[in-house]
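Architecture and fold: a report
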There are 2 protein chains.
Amino acid sequence: MHSRPDADDPRLAELSEGRILRSILSRTTPGAHTLLGPGDDAAVIAAPSGSVVATTDTLVHGPDFRLAWSSGHDLGWKAAAVNLADVAAMGARPTALLVALAVPRDLRLSFVERLADGFRDACAALAPGCAVVGGDLTVSDVLTVAVTALGDLEGRPPVTRAGARPGDVVAVAGELGHAAHGLAVLFGRFRDGDAPIPVDPSLLGPGESAAVAAQLRPSPPIGLGVVAAAVGATAMMDVSDGLALDARRMADASGVTIALERAELGDFPERALAGGEDHALLASFPDGILPPGFRAIGTVRERADENLLCDDLPVDVSGWDPYRDWDSVAG
Amino acid sequence: MHSRPDADDPRLAELSEGRILRSILSRTTPGAHTLLGPGDDAAVIAAPSGSVVATTDTLVHGPDFRLAWSSGHDLGWKAAAVNLADVAAMGARPTALLVALAVPRDLRLSFVERLADGFRDACAALAPGCAVVGGDLTVSDVLTVAVTALGDLEGRPPVTRAGARPGDVVAVAGELGHAAHGLAVLFGRFRDGDAPIPVDPSLLGPGESAAVAAQLRPSPPIGLGVVAAAVGATAMMDVSDGLALDARRMADASGVTIALERAELGDFPERALAGGEDHALLASFPDGILPPGFRAIGTVRERADENLLCDDLPVDVSGWDPYRDWDSVAG
């Protein structure tokens, strides 16, 4: 699929918008909640419980991904996954995605086709029943993928960040720190000067392969959002900026202190605390409740001076984001 | 408000994402349908009729707007209006907007504040009860505004493009051709070489002022979408690519021929047929039904060789989009 000759793989500038859209939409499959799919002014999606959960998140070439590292399929998959995670973090079941693509004219059609495949495959793997129901295609010098995800609460109230109560167990589902580890591997080993170069899998150890995959093709535990809500999670959120920063946000929203146990944070606790883009689910549960897929990492306490503790000590993690300090580099 | 000194108006690069978001969100007001607004992983919006209408449309600096011509307020207003029009065209009442901004670092905070004001003011004027419920902020060299609009059908079926029946009246609400006229004025009179320059209102005649406003700050008849649906519109769509092209789309989707009457297309029928970005509502109604705000412009016939006629003659309009052929120009 990467060996398609260029003669059979036109640049987008050579094609009409209608032709490109047909190619994308032929790759999407209707979802269980799709009442009216692509092709009209708007889509119609079932919202059986009388409300809809909605979130939007954008990936921009440069700050958020590099084409030297991410295939079209990777990019579509990741753009779906990060948005699905935000829906899951409310305790909702994802029902639909809308995809706004802004694409350079010299991009090949096959890239956009793989991008569409990535969206479809991520929905099938992470959120069965969810599908791309609509989108928009525009031209831009900077490849930009803006996604909106919708979800249904199935009659439950949304699980916000603000409901953690003293005595609750703090738990997490999904990996912590792997995506940041993967990004460090990419920045450390797959650059020629400042320019990113394609990943050579033969140069990766087994842990590194998993970490790079977590960065480029994350698989957050989307289905566990509904599970957590159904058993009574008091608060929940997507861990996108590192456990330390996101746990502080939950503590502040709930007016509590979150006390983590370092021994529960895996073999690399500093990486787990600092690492971004995990898209794990962080949740609090009433004491005694811990659904399958979640592991306890701490407890909720009455609010103290510090909003976050680890082994009863203040946590000093500034986080780490090499993209942020790495501007205007081709790749 | 445009005289704010630069010292009080920092560039976005000098501010944290949290600071910028607070500034934007302080300008949004909760909508009547907002169950949970910005600040959590996702918003929750009422969908009382058990389904939700959803559409997305993006404005990219260069192909879709130029900062020399559009203020921040204009840009927010237009990004809201074009998405609200797609919701209205389904016969739905707009309930919420999600706004994904990708912004250059050197943009001033005041620009983003005016953008947020534009969103708020467009909702208040065009779709009362609709509000910005969430968003995303990323960095990009190309200013990009990707909007998703949601709406509620209030128990009615969606009005698609596919329901026009022979014998129906074809009608339109809103202006035709003004936005394209405005764009022609901008391209013809407010450029220095290839670079756009600010509009000097004193150089515009009365008709030209209205046309430039229709291009930069369109006011589609959003509320008439619900009105049309309630009286039984058989088909409806947003006229975004010119009446000729969009009427052909409705004719093809419905399997009919649409016969327009030139005398009903105003003083500049060619402009009405070709002009894009009107965001008027094109609808078909059973004979004898024409709700206030709509004017008849033709009839629906059994499908013939031509999908579109005007005074019984084929229509040859290629459309006109100077942006499309005007790349890589600063401004």
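Quantities reported herein were computed from a predicted structural model and do not represent experimental measurements. (Residues numbered from 1 in each chain as written. Chains lettered and ligands numbered in written order. Predicted model: local features only at pLDDT ≥ 70, side-chain atom pairs only at ≥ 80, totals over all residues. Heavy atoms only, no water.)

**Structural notes on the relation of the copies chain A and chain B**
Here two copies of a chain appear, and what relates them is a rotation about an axis with a shift along it. Overlaying chain A with chain B gives an RMSD of 0.0 Å, the required rotation being 180° about an axis along which the chain moves by 0.0 Å. The superposition operator between the copies reduces to a two-fold rotation axis. Considering only C-alpha atoms, the residue of chain A closest to the rotation axis is Gly50 of chain A, which sits at 2.5 Å. A shared interface surface links the copies, since 100% of the contact residues of chain A are contact residues in chain B too. (Least-squares fit on C-alpha atoms with pLDDT ≥ 70 in both. Contact = heavy atoms within 4.5 Å.)

**Here's the deal with the UniProt feature "domain: PurM-like C-terminal" (unreviewed entry) in chain A**
The sites that carry the UniProt feature "domain: PurM-like C-terminal" (unreviewed entry) are, in the present numbering, residues 165-289 of chain A. As annotated, residues 165-289 of chain A comprises 40% helix and 20% strand, and the C-alpha atoms at either end are separated by 14 Å. (UniProt positions renumbered as here; feature names shortened; annotations may be inferred. Helix = DSSP H or I, 4+ residues; strand = E, 2+ residues; numbered from the N terminus.)

**A few points about the UniProt feature "binding site: Mg(2+) 3" (unreviewed entry) in chain A**
Sequence positions flagged by UniProt for "binding site: Mg(2+) 3" (unreviewed entry) are, in local numbering, Asp41, Asp86 and Asp238 of chain A. On the basis of their most widely separated C-alpha atoms, the annotated residues across 198 residues do not gather in one place, lying as much as 31.7 Å apart. For Asp41 of chain A, a relative accessible area of 7% puts it in the buried group. Aside from chain neighbours lying at most four places away, what touches Asp238 of chain A is Ala85, Asp86, Ala89, Asp246, His279 and Ala280 of chain A together with Asp41 of chain B. (Buried < 20%, exposed > 50% of the residue type's maximum accessible area, 1.4 Å probe, protein only.)

**As for the sheet that holds strand E13 (residues 295-302) of chain B**
Residue and element names in this part refer to chain B. If you trace the 7 strands from one edge of the open sheet to the other, you get E10-E12-E7-E13-E11-E14-E15, paired in mixed fashion. Each edge of the sheet is formed by a strand with only one pairing partner; in this case those strands are strand E10 (235-239) and strand E15 (313-314). Across 5 bridges, strand E7 (residues 169-173) lies against strand E12 (residues 280-285) in antiparallel orientation. Note on E12: the bridge partner recorded for Ala173 is Leu281. (Pairing = 2+ DSSP bridges.)

**A few points about helix H3 (residues 109-126) of chain B**
With 18 residues, H3 of chain B ought to run about 26 Å at 1.5 Å a step, and its terminal C-alpha atoms sit 26 Å apart, in line with that. Across the 18 residues of H3 of chain B, 14 count as buried, placing the element largely inside the fold. (Expected span 1.5 Å × (residues − 1).)

**Topic: the interface of chain A and chain B**
Across the contact, 51 residues belong to chain A and 51 residues belong to chain B. Across the chain A to chain B interface the summed buried area is about 3700 Å²; carbon plus sulfur atoms make up 57%. The three residues of chain A that bury the most area against chain B are Asp41, Val52 and Thr56 of chain A, which together make up 17% of that side's buried surface. Along the contact surface separating chain A from chain B lie 4 salt bridges. (Buried area = accessible area lost by both parts, 1.4 Å probe. Salt bridge = Lys/Arg side-chain N within 4 Å of Asp/Glu carboxyl O.)

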